[in-house]
Amino acid sequence: MISFSQSEISARTKQKLNLTANEIHIWVTKPEELLGNDELLSSYSTLLTTTETAKQQRYKFAKDRHDALITRAFIRDLLSYYADIAPQDWQFEKGSKDKPEVINCPLPLRFNISHTKNLIICAVTLEDDIGCDVENTGRNNNVLAIAERYFSPTEIKELFALPEAQQRNRFFDYWTLKESYIKAWGLGLAIPLADFSFSIKDTKQNHNDLFTIKQDISLSFAEHRLDEPQIWRSWLVYPTEAIDEKQEHRIAISLRTTCDNQKTDYQLRFFNTLPLLGYQEL
């Protein structure tokens with residue numbers, strides 16, 4: 001059985017969080033850290049509804065059942081840091097675009113979850129549509145063939161103009177951004193990936209010991225796609241070696257508002273959590 005040291009647990013807090021306007025909170029958890037902790041996993045199981053448990057148990061492989069359990073416990077636990085609602089008492093329904101929404105919260109919380117090998121993330125904000133995506137860049141796909149098939153002509157041209165050594169990284173920049181955009185809409189691949197284009201400049205970057213954040217990212221649309229670039233903001237997040245040993249993960253966030261948000265000063269805050277054991281702000 002895995003056990004967590006007292007120092008590791010005491011470094012975490014269960015204090016409530018205040019989410020203010022123009023803040024985006026990005027939560028991360030690593031499901032592998034919880035393998036073998038049967039007592040804690042059993043506690044997670046009690047948080048799920050009968051329907052959630054049935055879906056979780058339908059996965060064929062034990063690892064997938066484990067990750068599904070962590071995902072549901074993760075979102076229920078972290079939402080409870082914003083409101084006086086116990087993790088097991090959160091109620092969800094699919095919104096008008098089939099995107100999960102909370103229905104019993106006193107705050108206008110909006111959230112989106114994404115998971116990949118060894119990492120689950122959740123982006124939380126107020127009021128606005130938000131989408132997030134995390135990808136493991138070590139996967140063995142022929143990513144350039146995927147780009148040629150699905151990306152916009154502008155993105156394909158930019159991608160293949162880069163030195164070959166940079167092309168794989170730029171592919172994951174585009175891919176995570178595109179996923180975050182369609183997840184913010186809640187429409188999935190009903191939106192063709194070639195109908196919108198991201199342009200990434202490498203001039204604006206924020207750095208700390210744990211993350212590099214690119215924010216000079218613009219969005220444009222094919223003529224037939226009805227959308228407004230001025231109401232979208234997007235970010236790319238690169239976890240550093242300090243929290244991602246192989247630096248194999250890429251995170252993207254896209255936020256859609258109701259008016260021009262190009263000059264809005266957003267603050268991104270990052271939290272690492274072990275569900276039910278508390279969190280640390282990174």
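Under an unreviewed UniProt entry, the name given to the protein is Phosphopantetheine-protein transferase, and the organism recorded is Colwellia psychrerythraea. Per its UniProt entry, the protein bears the Cofactor (unreviewed entry) comment "Mg(2+)". In its Sequence similarities (unreviewed entry) section, UniProt records this for the protein: "Belongs to the P-Pant transferase superfamily. Gsp/Sfp/HetI/AcpT family."

Asker: What is the right way to read the overall build of the protein from this model?
Answerer: Tallying secondary structure elements over the protein gives seven helices and 14 strands in all. For the protein, the C-alpha radius of gyration of 19 Å lies close to 19 Å, the compact-globule estimate for 282 residues. Across its three principal axes, the protein shows a C-alpha extent of roughly 50 × 40 × 40 Å. Taking the intrachain contacts of the protein between residues at least 6 apart in sequence as the baseline, contacts between residues at least 24 apart amount to 63%.

Asker: Would you take a moment to explain the layout of surface pockets for this structure?
Answerer: Any space left empty among the atoms is revealed by the rolling of a water-sized probe across them. Of the pockets and cavities examined, the largest pocket occupies roughly 1100 Å³. Considering the residues around the largest pocket, the lining is formed by 32 residues, among which Lys 55, Thr 71, Arg 72, Pro 100 and Ile 113 are closest to the centre. Listing elements by their share of the lining of the largest pocket, those giving two or more residues are helix H3 (50-57), helix H4 (62-79), strand S2 (92-94), strand S4 (109-116) and strand S5 (119-126). At seven residues, H4 tops the list of elements feeding residues into the lining of the largest pocket. Within the lining of the largest pocket, the residues separate by chemical class into ten nonpolar, nine polar and 13 charged.

Asker: Is there a simple way to explain the nonpolar core in this structure?
Answerer: Where a protein is soluble and globular, its nonpolar side chains tend to be buried together. Judged by nonpolar contacts, the single largest core of 33 residues is most densely connected at Trp 27, Leu 78, Leu 109, Cys 122 and Val 124. Secondary-structure elements contributing two or more residues to this core are helix H2 (38-45), H4, S4, S5 and strand S13 (267-274). In terms of residue count, the dominant contributor to this core is H4 (seven residues). In this structure, Trp 27 is in contact with Leu 17, Phe 74, Leu 78, Tyr 81, Tyr 82, Ile 120, Ile 121, Cys 122, Val 124, Phe 271, Thr 273 and Tyr 279, ignoring residues within four places of it in sequence.

Asker: How should I be thinking about the pattern of salt bridges in this particular structure?
Answerer: Side chains that carry opposite charge are capable of pairing whenever their charged atoms lie near each other. Overall, the coordinates contain 13 salt bridges when judged by the stated rule. The partner of Lys 178 in a salt bridge is Glu 155, and the shortest N-O contact between them spans 2.9 Å. Of this pair, Lys 178 sits in helix H7 (residues 164-185) while Glu 155 sits in helix H6 (residues 153-161); the two residues are 23 residues apart in sequence, bridging distant segments of the chain. Using a relative accessible area of 0% as the deciding quantity, one classes Glu 155 as buried. With a shortest N-O distance of 2.8 Å, Glu 281 and Arg 269 are connected by a salt bridge. In this pair, Glu 281 is assigned in strand S14 (residues 278-281) and Arg 269 in strand S13, connecting sequence segments twelve residues apart. Overlapping salt bridges bring together Glu 101, Arg 110, Asp 129 and Arg 256 as one network.

Asker: How do you make sense of the sheet that holds strand S1 (residues 23-29) when you look at a structure like this?
Answerer: For sheets, the rule is that strands pair by backbone hydrogen bonds, running either parallel or antiparallel. The strand order S4-S5-S1-S13-S14 describes an open sheet built from five strands, whose pairing is mixed. In the strand order of this sheet, the two ends are held by S4 and S14, each with one partner. The average angle at which neighbouring strand axes cross in this sheet is 25 degrees, direction not considered. Bridge analysis of S13 against S14 gives four bridges, and the strand direction is antiparallel. In the strand pairing of S14, Phe 271 is matched with Glu 281.

Asker: Explain the side chain of Lys 214 here, please?
Answerer: Inspection of the secondary structure puts Lys 214 in strand S9 (residues 211-214). According to the relative accessible area criterion, Lys 214 is buried, its value standing at 8%.

Asker: So what exactly am I meant to see when it comes to the packing of aromatic side chains here?
Answerer: Aromatic rings in a pair are described by how distant their centres are and how their planes are angled relative to each other. If you walk through the whole model with that rule in mind, you get 19 aromatic pairs. Aromatic side chains Tyr 181 and Phe 221 sit 5.9 Å apart centroid to centroid with 45 degrees between the ring planes, which places their arrangement in the tilted category. Of this pair, Tyr 181 sits in helix H7 while Phe 221 sits in strand S10 (residues 217-221); the two residues are 40 residues apart in sequence, bridging distant segments of the chain. Across this residue pair, the class does not change: Tyr 181 and Phe 221 are buried. Three or more aromatic residues joined by ring pairs make a cluster, and in this case those are Tyr 181, Trp 185, Phe 196, Phe 198, Phe 221 and Trp 232. The cationic tip of Arg 72 hangs over the ring face of Phe 92; the distance from NZ or CZ to the ring centre is 5.5 Å. A cation sits over an aromatic face here: Lys 178 above Phe 196, 4.1 Å from the ring centre.

What counts and how
- Residues numbered from 1 in each chain as written.
- Predicted model: local features only at pLDDT ≥ 70, side-chain atom pairs only at ≥ 80, totals over all residues.
- Heavy atoms only, no water.
- UniProt positions renumbered as here; feature names shortened; annotations may be inferred.
- Helix = DSSP H or I, 4+ residues; strand = E, 2+ residues; numbered from the N terminus.
- Rg over C-alpha atoms; globule rule 2.2 N^0.38 Å.
- Contact = heavy atoms within 4.5 Å.
- 1 Å grid on protein atoms, 1.4 Å probe; cavity = no way out; pocket = protein on both sides within 12 Å on 5 of 7 lines; lining within 4 Å.
- Points joined across faces, edges and corners; volume = space filled by probe spheres on them.
- Nonpolar A, V, L, I, M, F, W, Y, C, P; charged D, E, K, R; others polar.
- Core = buried A, V, L, I, M, F, W, Y, C linked by side-chain atoms within 4.5 Å.
- Buried < 20%, exposed > 50% of the residue type's maximum accessible area, 1.4 Å probe, protein only.
- Salt bridge = Lys/Arg side-chain N within 4 Å of Asp/Glu carboxyl O.
- Pairing = 2+ DSSP bridges.
- Axes fitted to C-alpha atoms, helices over the stretch in contact; angles between N-to-C directions.
- Phe/Tyr/Trp six-rings, centres within 6.5 Å; stacked < 30°, edge-to-face > 60°.
- Lys NZ or Arg CZ within 6 Å of the ring centre and 35° of its normal.

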